[in-house]
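Summary of structural features
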Amino acid sequence: SVIKIGNYAFENCYNLTDIKFSENLVEIGNLAFGKCWELTNVVIPNGVKRIGELAFLKCWELISVTIPDSVE
């Protein structure tokens, strides 16, 4: 029941390929997934209100991001 992923939480997790977010999530912090080079697809759940600056910086393999209308 994670509601917030903090700043830099998974930064430099180079081999991270997949993320399953909690349905209770409301915020993704700054650079939370920065330099997750192998991350390919991200589906952000409904209810997330904020995605921090550069949250997915240098995710070179990222080809798809689904952002719900709830993001402000």
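Our subject is the structure listed above.
Throughout what follows, the structure given in this document is the object of discussion.

Here is what the cut-offs are and how they apply
Residues numbered from 1 in each chain as written. Predicted model: local features only at pLDDT ≥ 70, side-chain atom pairs only at ≥ 80, totals over all residues. Heavy atoms only, no water. Phe/Tyr/Trp six-rings, centres within 6.5 Å; stacked < 30°, edge-to-face > 60°. Helix = DSSP H or I, 4+ residues; strand = E, 2+ residues; numbered from the N terminus. Salt bridge = Lys/Arg side-chain N within 4 Å of Asp/Glu carboxyl O. Patch = residues over 30% accessible without salt bridge, like charges linked within 9 Å, V, L, I, M, F, W, Y side chains within 5 Å. Areas by Shrake-Rupley, 256 points an atom, 1.4 Å probe, with all protein chains shown as cover. Buried < 20%, exposed > 50% of the residue type's maximum accessible area, 1.4 Å probe, protein only. Core = buried A, V, L, I, M, F, W, Y, C linked by side-chain atoms within 4.5 Å. Contact = heavy atoms within 4.5 Å. Pairing = 2+ DSSP bridges.

1. Observations concerning the packing of aromatic side chains
Pairs of aromatic rings are described using the distance from one ring centre to the other and the angle between the two planes. One pass over the structure, following the stated rule, counts 4 aromatic pairs. Between tyrosine 14 and tryptophan 37, the ring centres sit 4.2 Å apart and the planes meet at 40 degrees, which makes this aromatic pair tilted. Taken as a pair, tyrosine 14 in the loop between strand S1 (4–5) and strand S2 (27–28) and tryptophan 37 in the loop between S2 and strand S3 (41–43) lie far apart in primary sequence, 23 residues in all. Between phenylalanine 21 and phenylalanine 33, the aromatic rings sit 6.0 Å apart at their centres with planes inclined by 85 degrees, giving edge-to-face as the arrangement.

2. Some thoughts on the pattern of salt bridges
Tallying each qualifying case throughout the model produces 2 salt bridges. Among the ionic pairs, glutamate 27 bridges to lysine 4, the shortest N-O distance being 3.9 Å. Of this pair, glutamate 27 sits in strand S2 while lysine 4 sits in strand S1, and the two are 23 residues apart along the sequence. The salt bridge partner of arginine 50 is glutamate 27, with a shortest N-O separation of 3.2 Å.

3. Overview of a nonpolar patch on the surface
Together, Tyr14, Trp37 and Trp60 make up a nonpolar patch on the protein surface, roughly 360 Å² of accessible area in all. By the secondary structure assignment, tryptophan 60 is in the loop between strand S4 (50–51) and strand S5 (64–66). The exposure class of tryptophan 60 is exposed, given its relative accessible area of 59%.

4. Considerations on the nonpolar core
By size, the foremost hydrophobic cluster in this structure holds 15 residues, and its most contacted members are Phe21, Ile28, Phe33, Leu39, Val42, Ile44 and Phe56. Here isoleucine 28 is in contact with Ile5, Phe21, Phe33, Ile44, Arg50, Ile51, Gly52 and Ala55, once residues within four sequence places are set aside.

5. Notes on the sheet that holds S4
Strand order in the open sheet formed by 3 strands is S1-S2-S4, and the pairing between neighbours is parallel. At either margin of the open sheet sits one strand with a lone partner, and together these are S1 and S4. Bridge count for S1 against S2 is 2 bridges, and the pairing is parallel. Counterpart to lysine 4 in the pairing with S2 is glutamate 27.

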